[in-house]
Each structure stands twice: as structure tokens, then as C-alpha cells.
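Now for the letters of each chain:
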Amino acid sequence: MDVESARMQISEGAPVVKWLQDLRLTTESECMSILQGKSVAKESLSIDSKVLYTKKLKDGIDTIRNRAQVANNELSKMLRKLEKSRWKHMKSSGLWLTHHLRNLLHEINSQIPDPPMKVYTEEESVLSQCAHLVQITENLTEEMMTGSDKKYLLDSLTKLGQSVSSLVDMVLSVQVQVLLETLDSRVSSTHCLTSTVGHLINLGLEGEYMCYIIAREGGIHKLFDLCREEILEVVRAQSLRAIATLCCVSKSIIELEESNGVECLSDILGADRYTEMVRSEAAGVVAQITSPNLDHYQHISGFIEHMEDLVRSLTGLCLNASSHEVFLLGAAAIANITFMDPLSSDYLLQYHTVMVLVESCTLHKADSLFAKDQIVTVLANMAQSTSCFTDIVDNEGLSLLVNFLNIRPNAKLTEAELAACERVHQKSAIALTRLAKDPPNAQSIVSKGGMQRLVQLCKDSGARNGSDVVLVASLAALRKLVSVCGEGPLSTPDIRQLVHPKIMDSYLMCSKHNESFV
């Protein structure tokens, strides 16, 4: 039978047509049952259970830390009562402390049913000391307390506190180790990897102590291993963000060095195959580990060897940045690199970094005060070397610095933005002071209105948001301009008042702290 004949038969048979129409909307339960039994569903269930497992681990860590904090608070209260000799409260305080410690131990045992021997031993030690504490405070009276008794109780509480801290450290280490074991792309799905890395970021944001534990247990190594694997970009980007979060303690920096982290970051920043999102996160790590604000600020192993590649790649990232956020990360990394080694200035000249940064201000990539803070940091640090003067001047760096001086703080700015505004004023004045060593530069600064603005920043506390560091930098810049250009036609009563006295006298005259107590 040909196709045309079949169509004629269907058109002639209305019941058949109706049946065919209804068939499209019909689902057989047997088919659904078979589909539900396929292995795909089992795999999904397995993946979801692993994600839930990592969440349970994170929640368990948080619960243990909270329980430990409650116990530590109670211990601190008891120590304060002991210091004030409030003997009648010692018994109740001792009972409350042991109650909270037993809750902590119960939570630990529920989280780790089969603990390592060292954890079990420390738990037994804490329990023993709790029993001893209750025994000491049970029949304690003011008449019984002598100097030696007070010292004995103090030593007992101190030893108990140390044992609790040691136990919590062991337990958190065990939990973090288990969490880090899921950072294996061979056995964990993308969903599970992103979930685990997200938990590590959240733990790192809770404080330096957790950053230290994660680094100590090999978290930095694991995260860099993920970055080197062929995984989804979102996992690589998130891993880099986790590294940046954790690298606020010296232990993390040491682990980064041992993992050849600088080489890995340099490779990622210089590879076009990685997305802008991934490269911007790598820039964030560079900015973090080179931050001069860190207590453990130091030269990092492998950094000098890769400095040229880093400067070239970060300059390219700023040049092609598609958003303010990406530009800010790249500029912050470059700014911090300029603090690391004077050699960085040569690479900044070689790869036209000043031109890229100055032009970004006209392209609205650097509209925020935070971005301007990074740009002026680069210019101020480069201005330390006279070999950089020409590059800064030729790329309109002088005009930009004077424009930065003219930024006005106002009530609409947040506290963080006001602080950034003060830094921009201070660093602009410092950069102009250094550039003014060259007479043509000094004359150019004056002709662009830089001197008048410096006078205003000195005389008007509101113009500098009451900042004394801006005042000192402005006084230094003003005096340098006058010393290079001479007073002559520039001399006005305001300028003479600021440059003729000793700088300390000028500072006291303009400072907001110049108060009379007579």
C-alpha cells in the first residue's frame, strides 16, 4: 500500500484519526516506571547525596566552632570572677562550664563517631579535667580560699582551656581533611566540586584561624591541583577565588610557594584559552599575595622570575577588561607588584602600562575611587625613578594626578569611598612631589592648577575630609613646588603662610587637632 492510499484511509476513518490524536497525549505507566529505574537517576541521587554530605561537613564544622565559642566564653567569665575573688559564684560557673563542654564533646562524637586515637585521648583529658574542676568548686567557700588555692584554681582553668583548644583544633583538622578529600575531579562531579570549594571560601571568610587550618591540611595544594586540571571554567575560577580568600595568613603563602603557585598563576594569566573570568580571579590572587597590608608581607618564591610575564599579562587584562571589576583586580595586582621590587618599573615601561591605566580613566573603566586608588599607587611608585618621568608626562600622567587632587569628598560617599578618596589625594600629592624634582614638570603642575588645589587641601579641612596624612603630603608637595619654581609671582599670603614656617608649625596651624585648652 502506498503512502497516498494510507492517507485516504485515515481521512475516511474518523475513529482512527481520533485515536491517533489522543495517542499523542497518552503516557503509559509502564514506560514511566522503566525510565525511573534507569541508572541516570541513581547517578543523580549519588551526586546529590555527595553534595549534601559536604554541606553536612560544613555545618558540622560551624556547629563545633559555635559550641567551642560558647564554652570559651563561659571559661572567660569564670576567670574574670576568679580575678575579682567572687568565690560564691565559682561553683555555678564551674557547673555551667562543664555543661557546655559536655555539649561540645557530645557534638564532636556525633560528628566523628570513630575518632582518631589522639582525638579520643584529648576528649578523655577534657572530661577528667571537668570532673576535677567540679570537685574543686563543689565545697568552695571564701574562708577556704588562700593565695595558693587561687593560683591552683587558675592553673587548673588555664590547663583546661588549653586542652579544649587542642581538642577543637584536632577535630576541625579531621573535618577539613574529609572535606578536602572531595576535591578530586576523578571521583567528584562538577556540582560537588563547586559545592566543596564554596564551603572552603565560606570557611575562609570566617577568620584567619580557619584559613590556617585549611592551608595546614593541604587545601592550597588541592586547589592548585584543580586549577591545573582540564575542568570547567567555573570550577577553576572558583578555586582561584578560594585561594585568594585563604591567602590572608602566612601558612597559605608558604603552601602557595611549595605548590609553585606563582608559576601556575602566571600561566593562567598569560593563556588566551582561559576566559576573562578565570584570568581576573588569578589577578585577584596575585593582588592578595602581594598586598603590602598583610602582616607577613614578603618576597615570594618564584615571583621575581615570573614578574615580567605577570606585568605583561596584567597590563593586557586591564587593556581589554570588559568591566570595572575586572579592571580593578588587574590594576590592584599591578599596584601591589610595584611595591615588591624596583625592577617592576622597567617592565611597566616596556609594556606601556602607564598609557593603559591613564586611558582607562577616559574609558570609564576606572570611574570608582577604588580603581583610581590603584592607578595613583602605580604612578606614585613609578615616580620614585627619574627614568619613569618621561613616560608618565608623555601619557598625560601629570594632568591625571592634578585631576585626582580635585576630587571632592561629599556626604553621598560611603565610609570606604571616603577612605579611598583620602588615599587618592595623599598619593597624588606624593607623586607630584616626586615629579616636581624636574623644573619643567613643576611648572606644568603649577599651570594646571595643582598649586592652588594643594593650598586649598592644606587650608580647608573639609576639602581633605579632615585627613592629616593628606595635609602632610600636600604641605610637602607645595614646598617642593615653591623650592623648584621659586616664589616670585606665585607668592601669595596663603602660600607664604604655608611654606615660610617650619613644616611642623604649618602642620599645627592647619591640622584639625590644633585645639586650645586654655
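Residues numbered from 1 in each chain as written. Predicted model: local features only at pLDDT ≥ 70, side-chain atom pairs only at ≥ 80, totals over all residues. Heavy atoms only, no water.

**Q** What's the story with the overall build of the chain in this structure? I'm lost.
**A** Secondary structure assignment for the chain yields 27 helices and zero strands. Going through the 518 residues of the chain one by one, you find that 47% of them count as buried. Long-range pairs, those at least 24 residues apart, make up 75% of the contacts in the chain between residues at least 6 apart in sequence. Carbon and sulfur atoms make up 54% of the accessible area of the chain, which amounts to about 26,100 Å² in all. (Helix = DSSP H or I, 4+ residues; strand = E, 2+ residues; numbered from the N terminus. Buried < 20%, exposed > 50% of the residue type's maximum accessible area, 1.4 Å probe, protein only. Contact = heavy atoms within 4.5 Å. Areas by Shrake-Rupley, 256 points an atom, 1.4 Å probe, with all protein chains shown as cover.)

**Q** In this structure, what is going on with the nonpolar core? I would like to understand it.
**A** Generally speaking, soluble globular proteins have nonpolar side chains that are buried together. Within the largest apolar cluster, 150 residues are counted, with the highest numbers of intra-cluster contacts made by Leu240, Ile243, Leu256, Phe327 and Ile375. The element best represented in this core is helix 7 (residues 147-181), accounting for 13 residues. With sequence-adjacent residues up to four places away left out, leucine 256 is seen in contact with Ile220, Phe224, Ile243, Cys247, Gly261, Val262, Val285, Ile289 and Ile300. (Core = buried A, V, L, I, M, F, W, Y, C linked by side-chain atoms within 4.5 Å.)

**Q** Can you help me understand unusual backbone geometry in this one?
**A** Outside of glycine, negative phi angles account for most residues, and trans bonds account for most peptide bonds. One non-glycine residue, asparagine 260, adopts positive backbone phi at about 55°. Residue placement: asparagine 260 occurs in the loop between helix 12 (250-258) and helix 13 (261-270). Relative accessible area serves as the criterion here: at 46%, asparagine 260 is assigned to the partly exposed category. One non-glycine residue, histidine 364, adopts positive backbone phi at about 65°. Assignment of secondary structure puts histidine 364 in the loop between helix 18 (353-362) and helix 19 (369-382). Assessed through its relative accessible area of 57%, histidine 364 is described here as exposed.

**Q** Whenever I open this one, the environment of glutamate 138 confuses me. Can you help?
**A** Tracing the backbone through its elements, the reader meets glutamate 138 in helix 6 (residues 117-138). Measuring from C-alpha to C-alpha, the distance between glutamate 138 and methionine 90 comes to 8.8 Å, with 48 residues separating the pair along the chain.

**Q** For this particular structure, what's the right way to read a nonpolar patch on the surface?
**A** A contiguous nonpolar surface patch, about 270 Å² in accessible area, is contributed by Leu232, Val234 and Met277. Residue position: valine 234 is located in helix 11 (residues 233-246). For valine 234, a relative accessible area of 42% gives the class partly exposed. (Patch = residues over 30% accessible without salt bridge, like charges linked within 9 Å, V, L, I, M, F, W, Y side chains within 5 Å. Salt bridge = Lys/Arg side-chain N within 4 Å of Asp/Glu carboxyl O.)

**Q** Looking at this model, I keep getting lost on the packing of helix 25 (residues 468-485) against helix 27 (residues 503-510). Mind explaining?
**A** Contact geometry of helix 25 with helix 27 gives a least axis separation of 10 Å together with a crossing angle of 135°. Relative to helix 27, the element helix 25 is oriented oblique. Helix-helix and strand crossings are classified by hand; for helix 25 and helix 27 the assignment is right-handed. Along its contact with helix 25, which presents Asp468, Leu471, Val472, Leu475 and Arg479, the element helix 27 presents Ile503, Ser506, Tyr507 and Cys510. Taken together, the residues that form the contact of helix 25 with helix 27 break down as six nonpolar, one polar and two charged. (Axes fitted to C-alpha atoms, helices over the stretch in contact; angles between N-to-C directions. Parallel < 35°, antiparallel > 145°, perpendicular 65-115°, else oblique. Left-handed = near helix turned anticlockwise from the far one by under 90°. Nonpolar A, V, L, I, M, F, W, Y, C, P; charged D, E, K, R; others polar.)

**Q** Explain the pattern of salt bridges to me, please; I cannot follow it from the model alone.
**A** Evaluated as defined, the whole model comprises 13 salt bridges. Residues aspartate 169 and arginine 216 are paired through a salt bridge, measuring 3.1 Å at the closest nitrogen-oxygen approach. Highlighted residues: aspartate 169 in helix 7 and arginine 216 in helix 9 (residues 208-216), separated in sequence by 47 residues. With a closest N to O distance of 2.7 Å, aspartate 373 and arginine 423 form a salt bridge. Here aspartate 373 is found in helix 19, whereas its partner arginine 423 is found in helix 22 (residues 415-435), with 50 residues between them in sequence.

**Q** I tried to follow the side chain of glutamine 129 on my own but got confused; where do I start?
**A** Looking at the element boundaries, glutamine 129 is found in helix 6. Polar contacts involving the side chain of glutamine 129 include one to the main-chain amide nitrogen of leucine 160, which spans 3.1 Å. When near neighbours in sequence (up to four residues on either side) are disregarded, glutamine 129 contacts Ser156, Lys159, Leu160 and Ser163. (Polar contact = N/O pair within 3.5 Å; in protein donor to acceptor, adjacent residues only side chain to side chain.)

**Q** What am I meant to see in the packing of helix 22 against helix 25 here?
**A** Each pair of packed helices can be summarised by the angle the axes make with each other and by the distance between the axes. Orientation of helix 22 relative to helix 25, taken along the N-to-C sense of each, is 20°, at an axis distance of 8 Å. By the angle between their directions, the pair helix 22 and helix 25 is classed as roughly parallel. Here helix 22 and helix 25 pass one another in a crossing that is left-handed. When helix 22 is examined against helix 25, the residues Glu422, His425, Gln426, Ala429, Ile430 and Thr433 are found in contact with a partner set consisting of Val469, Val470, Ala473, Ser474, Ala476, Ala477 and Lys480. By residue class, the composition of the contact of helix 22 with helix 25 is seven nonpolar, four polar and two charged.

**Q** I tried to follow helix 6 on my own but got confused; where do I start?
**A** Quick reminder: α-helices carry 3.6 residues per turn. Residues three or four places apart thus point the same way. The first and last C-alpha atoms of helix 6 sit 32 Å apart over 22 residues, in line with the 32 Å expected at 1.5 Å per residue. Turning to helix 6, its buried residues are Val119, Glu122, Glu123, Val126, Gln129, Cys130, Leu133 and Thr137. An end-on view of helix 6 places all buried positions within 130° of arc, on one side of the element. The exposed residues of helix 6 that point more than 90 degrees off its buried face are Met117 and Gln135. (Expected span 1.5 Å × (residues − 1). Arc of directions from axis to C-beta.)

**Q** How should the state of the cysteines be read in this particular structure?
**A** Each disulfide consists of one covalent bond between the sulfur atoms belonging to two cysteines. Scanning the entire structure with this criterion turns up zero disulfides. In this structure cysteine 211 is a free cysteine whose sulfur lies 3.6 Å from that of cysteine 248, the closest cysteine sulfur available. (Disulfide = S-S within 2.5 Å.)

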